[in-house]
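Here is what each chain is made of, one letter per residue.
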Amino acid sequence: MKKRLLIPVICLVAALSLFCGCFEKTVTFEKAGMSITLKGNFVEKELASQTAYYESADAIVTAIKEEFTLVAGFSDYTLSDYTDLVLRNNKLTAEVTSRENKSYMYFTYEKTVSGKNFYYFATTHKADDAFWLIQFACVVDDKDSKTADFFEWADSIKFGIDKPAEQQ
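Chains are numbered independently. Their residues run from 1 in the order of the written sequence. Local features in this predicted model are restricted to residues whose pLDDT is 70 or higher, and side-chain atom pairs enter the listing and the counts only when it is 80 or higher, whereas totals over whole chains, interfaces and linings include all residues. Side-chain measures here rest on the full set of heavy atoms in the structure, leaving out hydrogens and waters.

A. Here's a closer look at the nonpolar core. Ranked by size, the top nonpolar core spans 26 residues in total, and within it Met34, Ile36, Tyr54, Val61, Phe136 and Trp153 carry the most contacts. A run of H or I in DSSP becomes a helix once it reaches four residues, and a run of E becomes a strand once it reaches two; helices and strands are each numbered from the N terminus. Put simply, the parts of the chain that give this core at least two residues each are β2 (34–39), β4 (52–55), β5 (60–67), β7 (104–113), β8 (116–126), β9 (130–139) and α3 (143–155). No other element matches the five residues that β9 contributes to this core. Any two residues having at least one pair of non-hydrogen atoms within 4.5 Å are treated as being in contact. Setting aside residues no more than four positions away along its own chain, Tyr54 makes contact with Phe29, Glu30, Lys31, Met34, Ile36, Leu38, Phe42, Val43, Glu44, Ala59, Ile60 and Val61. Formed by 14 residues, the second largest nonpolar core is a distinct cluster that contains Phe68, Val86, Ala122 and Phe131. What makes a nonpolar core is a set of buried Ala, Val, Leu, Ile, Met, Phe, Trp, Tyr and Cys residues whose side-chain atoms join them at distances within 4.5 Å. Remark: exposure states derive from per-residue accessible area (1.4 Å probe, protein chains only) relative to the maximum for the residue type, with buried under 20%, exposed over 50%, and partly exposed in between.

Written out as structure tokens, the structure reads:
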């Protein structure tokens, strides 16, 4: 009797293990005072031009921190001023939107890089000490299926994570 029960139990455990393996893991990354929670098999990599860079098989996330000390009066810029500056400096034309109930702005654009067409979901943020440009990208063919993820990931962004508790 025990042997008859053992085989179905083993099969059930094996099936559950396979099923649970299909779920994507969620990881929170922290870098330079910013944290972001990403779903999928992201790995952190170094990219000289970026403050932070995360990559998976079907998406990338880049982050640039531009500290207020870079330019006199930079801390007086509004988020809208900074976003306009990003668009001008990158020669982009895009409709900018404020995320409802969130403290960031976003815009989208497409660009061909190394012969591949990419879709970019760019977000701008103002932290206590810097502006941030955080972009999410995928191949253009995946943009409809990735947009909800991009919003979820952008909504997870927090700043001031590496300050001592009494300064937060």
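Back to the text.
B. Layout of the sheet that holds β9. Two strands are said to pair when DSSP picks up at least two bridges between them. Pairing is antiparallel in the open sheet, where seven strands are placed in the order β3-β4-β5-β9-β8-β7-β6. The sheet terminates laterally at β3 (43–45) and β6 (97–98), the two strands that pair on one side only. Taken together, the ten bridges between β7 and β8 define a ladder with antiparallel strand orientation. Directly across from Phe107, in β8, lies its bridge partner Ala122. Between N-to-C directions, angles cover 0 to 180 degrees, with each direction set by a line fitted to C-alpha atoms, over the stretch in contact for helices. Its contacts with the sheet put helix α2 (residues 79–89) on β5, β7, β8 and β9, and the angle it makes with β7 is roughly 10 degrees. Strands β5, β7, β8 and β9 of the sheet are contacted by α3, whose axis makes an angle of about 155 degrees with β9.

C. Region of interest: unusual backbone geometry. One non-glycine residue, Ala32, lies in the positive phi region at around 55 degrees. Looking at where Ala32 falls in the secondary structure, it is placed in the loop between β1 (26–31) and β2. According to the relative accessible area criterion, Ala32 is partly exposed, its value standing at 33%. For Ser114, which is not glycine, the phi torsion reads 50 degrees and is therefore positive. Along the chain, the position of Ser114 falls in the loop between β7 and β8. With relative accessibility at 76%, the residue Ser114 sits in the exposed group.

By themselves, these observations are geometric and do not establish any function.
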